[in-house]
Amino acid sequence: MNPDRRIRAYRAATIRRRQLLKLANACFDGFWLGLLDRAALDRLDELFYSRGQDVENGRAFTYLDEQHNLAGLRDWEAAAIEAHFPPGARVIVTGAGGGREVIALLERGFDAVGYEPNEALVAAGSELIRRLGHEDRLRVSERDAFPPDAPSCDAVLVGWGSYMLIPGRARRLAFLRAVRRSLPEGAPILCSFFLRRPKARYFTIVAETANLLRRIRRAERVERGDTIGHNFVHSFTRAEIEAGLAEGGFRLVAFAAEPYGHAVAVATP
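Residues numbered from 1 in each chain as written. Predicted model: local features only at pLDDT ≥ 70, side-chain atom pairs only at ≥ 80, totals over all residues. Heavy atoms only, no water.

Peer 1: What's the story with the packing of helix 7 (residues 169-182) against helix 9 (residues 238-248) in this structure? I'm lost.
Peer 2: Angle between the axes and distance between the axes: these two values describe a pair of packed helices. Packing of helix 7 against helix 9 leaves a shortest axis separation of 8 Å and a crossing angle of 50°. Regarding the angle of helix 7 to helix 9, the classification is oblique. Crossing of helix 7 over helix 9 shows right-handed handedness. The residues of helix 9 that touch helix 7, namely those facing R169, L173, L176, R177 and R180, are A243, G244, L245, E247 and G248. For the contact of helix 7 with helix 9, the per-class residue count stands at 4 nonpolar, 2 polar and 4 charged. (Axes fitted to C-alpha atoms, helices over the stretch in contact; angles between N-to-C directions. Helix = DSSP H or I, 4+ residues; strand = E, 2+ residues; numbered from the N terminus. Parallel < 35°, antiparallel > 145°, perpendicular 65-115°, else oblique. Left-handed = near helix turned anticlockwise from the far one by under 90°. Contact = heavy atoms within 4.5 Å. Nonpolar A, V, L, I, M, F, W, Y, C, P; charged D, E, K, R; others polar.)

Peer 1: What's the story with the side chain of S162 in this structure? I'm lost.
Peer 2: Mapping S162 onto the fold places it in the loop between strand 6 (155-158) and helix 7. A relative accessible area of 15% places S162 in the buried class. Once residues within four sequence positions are removed from consideration, S162 is found in contact with T94 and G95. (Buried < 20%, exposed > 50% of the residue type's maximum accessible area, 1.4 Å probe, protein only.)

Peer 1: In this structure, what is going on with the pattern of salt bridges? I would like to understand it.
Peer 2: Two side chains of opposite charge can pair, provided their charged atoms sit close to one another. Counting across every chain of the model gives 19 salt bridges. A salt bridge links R131 to E66; the nearest nitrogen and oxygen atoms lie 2.6 Å apart. Highlighted residues: R131 in helix 6 (residues 119-131) and E66 in helix 3 (residues 66-69), separated in sequence by 65 residues. You can call R131 partly exposed: its relative accessible area is 45%. Here E223 makes a salt bridge to R172, at a shortest N to O gap of 2.9 Å. Placement of E223 in the loop between helix 8 (201-217) and strand 8 (226-228) and of R172 in helix 7 is noted, with a sequence separation of 51 residues between them. Taking relative accessible area as the criterion, E223 reaches 24% and is therefore assigned partly exposed. Overall, the relative accessible area of 6% leaves R172 in the buried class. (Salt bridge = Lys/Arg side-chain N within 4 Å of Asp/Glu carboxyl O.)

Peer 1: Before we go on, may I ask you to explain a positive patch on the surface in this structure?
Peer 2: Together, R17, R18, K22 and R197 give the surface a local cluster of positive charge. Tracing the backbone through its elements, the reader meets R197 in the loop between strand 7 (188-193) and helix 8. Given a relative accessible area of 60%, R197 falls into the exposed group. (Patch = residues over 30% accessible without salt bridge, like charges linked within 9 Å, V, L, I, M, F, W, Y side chains within 5 Å. Areas by Shrake-Rupley, 256 points an atom, 1.4 Å probe, with all protein chains shown as cover. Lys, Arg positive; Asp, Glu negative; His and termini not counted. Charge placed at Lys NZ, Arg CZ, Asp CG, Glu CD.)

Peer 1: Could you clarify how one ought to interpret the layout of surface pockets in this entry?
Peer 2: The rolling of a water-molecule-sized probe over the atoms marks out the regions of remaining empty space. What the second largest pocket holds in volume is close to 260 Å³. Around the second largest pocket, the lining residues are Q19, K22, L23, N25, A26, R197, K199, A200, R201, Y202 and I205. If you list the elements that add at least two residues to the lining of the second largest pocket, you get helix 1 (3-35) and helix 8. When residues of the lining of the second largest pocket are assigned to their parent elements, the largest contribution, 5 residues, is made by helix 1. Each residue belonging to the lining of the second largest pocket can be placed in one class, and the counts come to 5 nonpolar, 2 polar and 4 charged. (1 Å grid on protein atoms, 1.4 Å probe; cavity = no way out; pocket = protein on both sides within 12 Å on 5 of 7 lines; lining within 4 Å. Points joined across faces, edges and corners; volume = space filled by probe spheres on them.)

Peer 1: Please clarify how the nonpolar core should be interpreted in this entry.
Peer 2: Core analysis: the largest hydrophobic core is formed by 37 residues, its most contacted members being V156 and Y163. Those elements giving two or more residues to this core turn out to be helix 2 (38-51), strand 4 (111-116), strand 6, helix 7, strand 7, helix 9 and strand 11 (261-267). Broken down by element, the residue count for this core peaks at 4 residues, all from helix 7. Beyond its immediate sequence surroundings of up to four residues, V156 is in contact with F85, I92, F146, V179, S182, L183, P188, I189 and L190. Among the nonpolar cores identified, the runner-up in size contains 24 residues, and A78, A96, V102 and V122 belong to it. (Core = buried A, V, L, I, M, F, W, Y, C linked by side-chain atoms within 4.5 Å.)

Peer 1: Would you mind showing me how to read the sheet that holds strand 11 here?
Peer 2: Across a sheet, strands are paired by hydrogen bonds formed along the backbone, either parallel or antiparallel in direction. With mixed pairing, the 7 strands of this open sheet are ordered in space as 5-4-3-6-7-11-10. What marks the edges here is a single partner per strand, and that holds for strand 5 (138-140) and strand 10 (250-256). When strand polarity is set aside, the average angle formed by the axes of neighbouring strands in this sheet is 20°. Across 6 bridges, strand 10 lies against strand 11 in antiparallel orientation. Across the sheet, R251 pairs through a bridge with V266, a residue of strand 11. Helix 6 contacts strand 4 and strand 5 of the sheet and is inclined by roughly 160° relative to strand 5. (Pairing = 2+ DSSP bridges.)

Peer 1: Sorry, what's going on with the pairing of strand 7 here?
Peer 2: As a general feature of sheets, a regular strand has side chains that alternate between the two faces. The element strand 7 is extensively covered by neighbouring structure, given that 6 of its 6 residues are classed as buried. Burial along strand 7 is two-sided: P188, L190 and S192 and I189, C191 and F193, pointing in opposite directions, are all buried. Across 2 bridges, strand 6 lies against strand 7 in parallel orientation. Residue pairing in the sheet places L157 in a bridge with L190 of strand 7.

As structure tokens, this is what we get:
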């Protein structure tokens, strides 16, 4: 075999290897997503956010880190809030973690209150916020639901990426409808998420593998876009975001895929 033919064979083999690795990863993720029940997935999420490390811009951090929670709004968050939130508004933050968004909003003159299901994050964030001179700004809430005891507000910020942690379209729709009931007409909601290509094969294989096991277990089916890594995540298409917001009682007014998927919508009549 001459050198050119060997090079072509090598390149073809590397392409097949990448394809096989992607297939193996999708089957692996689908297997575990099919095997783990909701309680296990909730516990996985709790452990990641209270003990695990994440990486942003090449820097590792934990969600308990004061440095992270004092870092302020991301540029895309600040731009969306400045463009769509009324100055000084009462803002409810869901999925508030250790209080990063709440602290940043308070510093910008908003009347912000955060809700978070992870008690370790609430404890650490509440202490940090108290030292900054604010009381009762971070509260424990139920997972995957808008807090029924939240005060009336002028805007809602769904904490960084937390919308995609809600499993199942029905739960996400119930969440959005509860948000809508708390807001006056025309009031904004900001949410952020991972985006996926509509026909991405990885998510099809994950869903098919997981649902094969869930049928055997007689468990709730997963959706295309569901996956598992550090924790459960649902990645969206733009059409899913628009449809969910519309059915939840909102009209999309801004959408961006970069630098992080996010959308702003306003409450409809």
